[in-house]
Amino acid sequence: MNEQNWDMKFMSKGDLAKKLNVSTETLRLKMKEIKGLDTSRRKLLYPWEVRLIYLHFGYGK
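Here goes a summary of the coordinates provided. (Residues numbered from 1 in each chain as written. Predicted model: local features only at pLDDT ≥ 70, side-chain atom pairs only at ≥ 80, totals over all residues. Heavy atoms only, no water.)

1. Quick look at the environment of Tyr54
And then number 1: As for its placement among the helices and strands, Tyr54 is situated in helix H3 (residues 47-56).
And then number 2: Residues Tyr54 and Leu20, 34 residues apart in the sequence, show an inter-C-alpha distance of 8.3 Å. (Helix = DSSP H or I, 4+ residues; strand = E, 2+ residues; numbered from the N terminus.)

Below is the structure:
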């Protein structure tokens, strides 16, 4: 993951799971661990949510 990927856009949960190389179920479980993140049943993630998830997975630290 390089700096140009920090230009976040709206992304579906399925697309993000593929990009992070995890299953959608793993992504769903990991998202529950992130404080301040409540995507409920939405399929699309806001750019700030995508960034939080990347940080949680250890990218950009």
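Moving on, there is more to tell.
2. Some remarks on the layout of surface pockets
By rolling a water-sized probe across the atoms, one finds the places where empty space is left.
And then number 1: Quantified by volume, the largest pocket comes out at close to 270 Å³.
And then number 2: Along the walls of the largest pocket sit 14 residues, with Lys13, Arg28, Met31, Thr39 and Ser40 positioned nearest its centre.
And then number 3: For the lining of the largest pocket, the leading source of residues is helix H2 (residues 24-32), giving 6 residues. (1 Å grid on protein atoms, 1.4 Å probe; cavity = no way out; pocket = protein on both sides within 12 Å on 5 of 7 lines; lining within 4 Å. Points joined across faces, edges and corners; volume = space filled by probe spheres on them.)

3. A closer look at the pattern of salt bridges
And then number 1: In the structure shown here, the tally under the stated rule is 2 salt bridges.
And then number 2: Between Arg28 and Glu25 there is a salt bridge, with the nearest N and O atoms lying 2.6 Å from each other. Here Arg28 and its partner Glu25 are both found in helix H2, 3 residues apart, which amounts to about one turn of the helix.
And then number 3: As a salt-bridge pair, Glu49 and Arg42 come within 2.7 Å of each other at their nearest N and O atoms. (Salt bridge = Lys/Arg side-chain N within 4 Å of Asp/Glu carboxyl O.)

4. So, the nonpolar core
Side chains that are nonpolar tend, in soluble globular proteins, to be buried together.
And then number 1: If you look at the biggest cluster of nonpolar residues, it comprises 13 residues, and the most contacted ones within it are Leu16, Leu27, Val50, Ile53 and Tyr54.
And then number 2: Listing elements by their share of this core, those giving two or more residues are helix H1 (13-20), H2 and H3.
And then number 3: Ignoring anything within four residues of it in the chain, the contact list for Val50 reads Met8, Lys9, Met11, Leu16 and Leu45. (Core = buried A, V, L, I, M, F, W, Y, C linked by side-chain atoms within 4.5 Å. Buried < 20%, exposed > 50% of the residue type's maximum accessible area, 1.4 Å probe, protein only. Contact = heavy atoms within 4.5 Å.)

5. Overview of H1
And then number 1: Along H1, the positions that sit buried rather than exposed are Lys13, Leu16, Ala17 and Leu20. Mapping the buried residues of H1 onto a view down its axis gives an arc of 100 degrees, with all of them on the same face.
And then number 2: Elements in contact with the buried residues of H1: strand S1 (11-12), H2, strand S2 (44-45) and H3.
And then number 3: Positive phi shows up at Asn21, right after H1, with a value of about 60 degrees. (Arc of directions from axis to C-beta.)

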